[in-house]
Amino acid sequence: MYRMGKEEAAAAARVIESKELFRVNDGAKETTHFEQELAEKVGVSHALCVSGGTTALMSSLAGLGVRPGDEVIVPAYTYIATASAVLAVGAIPVLADVDQTLTLSPEAAERAITPRTRAILPVHMSGLPCNMDGIMEVAKRHNLFVVEDACQAVGGSFRGRRLGTIGDAGAMSFNYFKIISAGEGGALLTNNDEVFKRASIYHDSGAAFWPYTEDKDVPFFVGTAARVSEITGAILRVQLTRLDGILADLRRIRKQLHDSCPAYTPLPSNDYEGDCGVVAGFIFETEKEARAFAKKAGGWLPIDSERHIFCNWEPVVNRRGAFCDEMNPYLMARNAQSNPDYRSETYAKSLDLLSRVVYISINPDWTEEEVAERIARING
Ligand SMILES: Cc1ncc(COP(=O)(O)O)c(C=O)c1O
């Protein structure tokens, strides 16, 4: 979380004093306003505020009808939640390498396609945009859905379009570590009315008696109870007003770090202007050089970010896809044809790249002196 202050406290207090903490009720309230404001900000027809990025991904996949018998291609470098969301709807996550931008390689994604593939799930890791032109082109040729994981890239863009709005659906996270935050929270984005309807049902418990269900022509099914409280909605409305300022400062500092350190090679980007600026990335020839640089510059290697590397997704690698065997997608008869390859050696290219990149995490509130100090450390 970058910025939070009196305004969020006042918004939360306003909700508490109103005693209207439940989002589903008559009339547009905080969460509904947040959804409208977010949709308008990123230029999409529908936004649905849910409990987190994981449930936003699950709602996106369920909204698209992804199910047992399907495979979804995910990058070898992402948080485990990307793969768990696929398993939560009964489908099988299939891995594909990242390229030099540390985002999903469109070519590797294409090679991972089987007759069972239903969707590609690119992840805009650390605010860095995927090559969405390449991914959308592969998806179009093979008639696949695209669900964007923009959990770490709220507000970012690729060639002028906001991340999370380019594919069939997109997911954002507002958990504690994200660009804007309410501690927990997430949002699904889509331009597809049917996906939105199904996702809204999926994010609730399966109750068809709330006022908002009146215009739903999709038969109700049991959902996941991923609703948020009005306090979340109220805080996120304030956070959204901070987004442009946070991104402008992150991007300004990232550019200063790159421009002032010409001796080092910046990580290639699919869209430097659209990249959120959460990190300044540098790429090296060897892991040894990367480690030496990280030490002096105060950076970190993505290979060390344990939970974001597929080999450390213990439940996935060991095929424990649910709390009981009967609901474990890896054991379902409908998935019997799927035999995903989770061996480390298969994704050696990703592991090599992740060991040769150094990220310097940026704080948008660094003073000019702090930025100068960081630059001096890098060049020192
Ligand atoms: C890339 C990515 N996807 C999904 C998630 C899941 O988001 P949440 O923790 O809000 O459920 C995260 C959270 O860290 C993430 O980084």
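Anyway, here's the lowdown on the structure attached to this text. Every residue gets a number counted from 1 within its own chain, in the order that chain's sequence is written. With the structure being a predicted model, the display of local features is reserved for residues of pLDDT at least 70 and the display and counting of side-chain atom pairs for 80 or more, all residues being used for whole-chain, interface and lining totals.

Remarks on the overall build of the protein
And step 1. Put simply, DSSP H or I for four residues or longer makes a helix, DSSP E for two residues or longer makes a strand, and each gets a number counted from the N terminus. Counting its regular elements, the protein contains twelve helices and twelve strands.
And step 2. Between the two quantities, the radius of gyration covers C-alpha atoms and the globule rule is 2.2 Å times the number of residues to the power 0.38. Relative to the 2.2 N^0.38 estimate, which gives 21 Å for 380 residues, the radius of gyration of the protein is 21 Å and therefore close to what a compact globule would have.
And step 3. Taken over the C-alpha atoms alone, the protein extends approximately 65 × 55 × 35 Å along its principal axes.
And step 4. Considering only contacts in the protein between residues 6 or more positions apart, those separated by 24 or more positions represent 70%. Residues are defined as contacting one another if the C-beta atoms placed from their backbone atoms lie within 7 Å.

Examining the packing of helix α2 (residues 30-42) against helix α8 (residues 230-259)
Each pair of packed helices can be described by the angle between their axes along with the distance between the axes.
And step 1. At a minimum axis separation of 7 Å, α2 and α8 run at an interaxial angle of 35 degrees. Note on packing geometry: the crossing formed by α2 with α8 is left-handed. Contact residues: E30, T31, H33, F34, E37, L38 and K41 in α2; E230, T232, G233, A234, L236, R237 and L240 in α8.
And step 2. Think of it as three bins: nonpolar holds Ala, Val, Leu, Ile, Met, Phe, Trp, Tyr, Cys and Pro, charged holds Asp, Glu, Lys and Arg, and polar takes everything else, Gly as well. Looking at side-chain class alone, the contact of α2 with α8 contains five nonpolar, four polar and five charged residues. Where helices are involved, their axes are fitted lines through C-alpha atoms of the stretch in contact, as for all axes, and angles between N-to-C directions lie from 0 to 180°. With the far helix as reference, a near helix turned anticlockwise by less than a right angle produces a left-handed crossing, and one turned clockwise produces a right-handed crossing.

Brief notes about α2
And step 1. In a helix, the anticipated span is given by 1.5 Å times the number of residues less one. Taking 1.5 Å of rise per residue, the 13 residues of α2 would be expected to cover 18 Å, and the 18 Å separating its terminal C-alpha atoms lies within 8% of that figure.
And step 2. Turning to α2, its buried residues number three or more, namely E30, T31, F34, E35, L38 and V42. Along the axis of α2, the buried residues cluster in a sector spanning 135 degrees; they form a single face.
And step 3. Summarising the contacts, the buried residues of α2 are in contact with α1 (6-18), β1 (46-50), β7 (161-162), β9 (186-190) and α8.
And step 4. Within two residues after α2, G43 carries a phi angle of roughly 75 degrees, on the positive side. Three exposure classes are used, based on other C-beta atoms lying within 10 Å of a residue's own C-beta, which is placed from the backbone: buried for 20 or more, exposed for 12 or fewer, and partly exposed in between. Taken from the helix axis, the directions to the C-beta atoms give the arc we talk about.

Notes on the site of the ligand
And step 1. Using a C-beta atom placed from the backbone, a residue is described as near a molecule or strand when that atom lies within 6 Å of it. The local shell around the ligand holds 14 residues, among which G52, G53, T54, A81 and S173 are the closest.
And step 2. In terms of residue class, the shell around the ligand is made up of four nonpolar, nine polar and one charged.

Thoughts on the sheet that holds strand β8 (residues 169-173)
And step 1. Being paired, for any two strands, means DSSP has found at least two bridges between them. Ordered in space as β1-β9-β8-β5-β4-β2-β3, the seven strands form an open sheet in which the pairing is mixed. Only two strands of the sheet have a single neighbouring strand rather than two, namely β1 and β3 (92-96). Between one strand and the next, the sheet's axes are offset by a mean angle of 25 degrees, whatever the strand orientation.
And step 2. With five bridges connecting them, strand β2 (residues 71-75) and β3 associate as parallel partners. The partner of V74 across the bridge, within β3, is L95.

Observations regarding the nonpolar core
In globular proteins that are soluble, nonpolar side chains generally tend to be buried together.
And step 1. By size, the foremost hydrophobic cluster in this structure holds 116 residues, and its most contacted members are L61, V86, A119, I120, I135 and A187.
And step 2. Take this core: its biggest share by element is ten residues, from α8.
And step 3. Leave out the neighbours within four places in its chain, and I120 touches I73, A109, I135, V138, A139, L144 and V146. To define a nonpolar core, we join buried Ala, Val, Leu, Ile, Met, Phe, Trp, Tyr and Cys residues through C-beta atoms within 7 Å and take the resulting set.

So, the pairing of β1
And step 1. Among the five residues of β1, five are classified as buried, and the element is accordingly described as predominantly covered.
And step 2. Taking every second residue as pointing to the same face, both faces of β1 are buried, with H46, L48 and V50 on one and A47 and C49 on the other.
And step 3. Pairing between β1 and β9: five bridges, direction antiparallel. Bridging across to β9, L48 finds its partner in L188.

Quick notes on the environment of N363
And step 1. Considering the arrangement of structural elements, one finds N363 in the loop between β12 (357-361) and α12 (368-379).
And step 2. C-beta crowding within 10 Å serves as the criterion here: with 13 such atoms nearby, N363 is assigned to the partly exposed category.
And step 3. Sequence-wise, N363 and T165 are 198 residues apart; in three dimensions their C-alpha atoms are separated by 26 Å.

So, the pairing of β8
Looking along a regular strand, one sees side chains alternate from face to face of the sheet.
And step 1. The buried count for β8 comes to five of five residues, which makes it a mostly enclosed element.
And step 2. Taking every second residue as pointing to the same face, both faces of β8 are buried, with A169, A171 and S173 on one and G170 and M172 on the other.
And step 3. Pairing of strand β5 (residues 145-149) with β8 involves three bridges; the strand directions are parallel. Residue D149 lies in a different strand from β8, and its bridge partner there is A171.
And step 4. Across four bridges, the pairing between β8 and β9 is antiparallel. Within β9, the position partnered with A171 by the bridge is L188.

Quick word on the sheet that holds strand β10 (residues 265-266)
And step 1. Strand order in the open sheet formed by three strands is β10-β11-β12, with antiparallel pairing between adjacent strands. Sheet topology places β10 and β12 at the edges, where each strand pairs with a single neighbour.
And step 2. Sheet analysis places β10 next to strand β11 (residues 279-283), joined by two bridges and oriented antiparallel. Along β11, the bridge assignment pairs T265 with I283.

Here's the deal with unusual backbone geometry
And step 1. The phi torsion at A225 lies on the positive side, around 55 degrees, for a residue other than glycine.
And step 2. Inspection of the secondary structure assignment puts A225 in the loop between α7 (193-203) and α8.
And step 3. Assessed through the 12 C-beta atoms surrounding it within 10 Å, A225 is described here as exposed.
And step 4. The phi torsion at R319 lies on the positive side, around 60 degrees, for a residue other than glycine.
And step 5. Residue position: R319 is located in the loop between α10 (314-317) and α11 (348-354).

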